[in-house]
Amino acid sequence: MSSGTTRPPASSSMTAQPAEKTFFEQQREVLLKEIGVSFEHVLANINKLNRAMEGVIAVGNEFSSVEALWSQFENVMAKDPDAEGDGQHTEEGEEGHSGEETEIHEGNGRSR
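Residues numbered from 1 in each chain as written. Predicted model: local features only at pLDDT ≥ 70, side-chain atom pairs only at ≥ 80, totals over all residues. Heavy atoms only, no water.

Teacher, can you tell me more about the pattern of salt bridges here?
Note on pairing: side chains with opposite charge can pair once their charged atoms come close. Enumeration according to the criterion identifies one salt bridge in this entry. K21 serves as the salt-bridge partner of E29, at 2.3 Å between the closest nitrogen and oxygen. Judged by its relative accessible area of 34%, K21 is partly exposed. (Salt bridge = Lys/Arg side-chain N within 4 Å of Asp/Glu carboxyl O. Buried < 20%, exposed > 50% of the residue type's maximum accessible area, 1.4 Å probe, protein only.)

Here you go:
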């Protein structure tokens, strides 16, 4: 039973210890406060970055119609001129005029 009587004084002494903190506990509290302040700074900077990114995206979205127009222009200019020329010859060949004229011009050029 003597061990039962010694335990309560030990627990009462532990409650008295928080008033007198060890060097380790004092340093731990200081470091935890510094870490907390640092996290607050990081959070504030992340919020600033987020607002800046939203602004950049908003400006970029304003140019979406201009980008679409330039993309159409680029697609028109990037078409193969030979493919367009072949398409025109095919259409003219269907009419029957350009094929006959070519043969006549070639024939006239050879006879001279």
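Is there a simple way to think about the packing of aromatic side chains in this case?
In this structure the tally under the stated criterion is one aromatic pair. With centroids separated by 5.6 Å and ring planes inclined at 90 degrees, the aromatic side chains of W70 and F73 adopt a geometry described as edge-to-face. Residue W70 and its partner F73 are both found in helix 3 (residues 64-77); the two are separated by three residues, about one turn of the helix. Given the relative accessible area of 46%, F73 is considered partly exposed. (Phe/Tyr/Trp six-rings, centres within 6.5 Å; stacked < 30°, edge-to-face > 60°. Helix = DSSP H or I, 4+ residues; strand = E, 2+ residues; numbered from the N terminus.)

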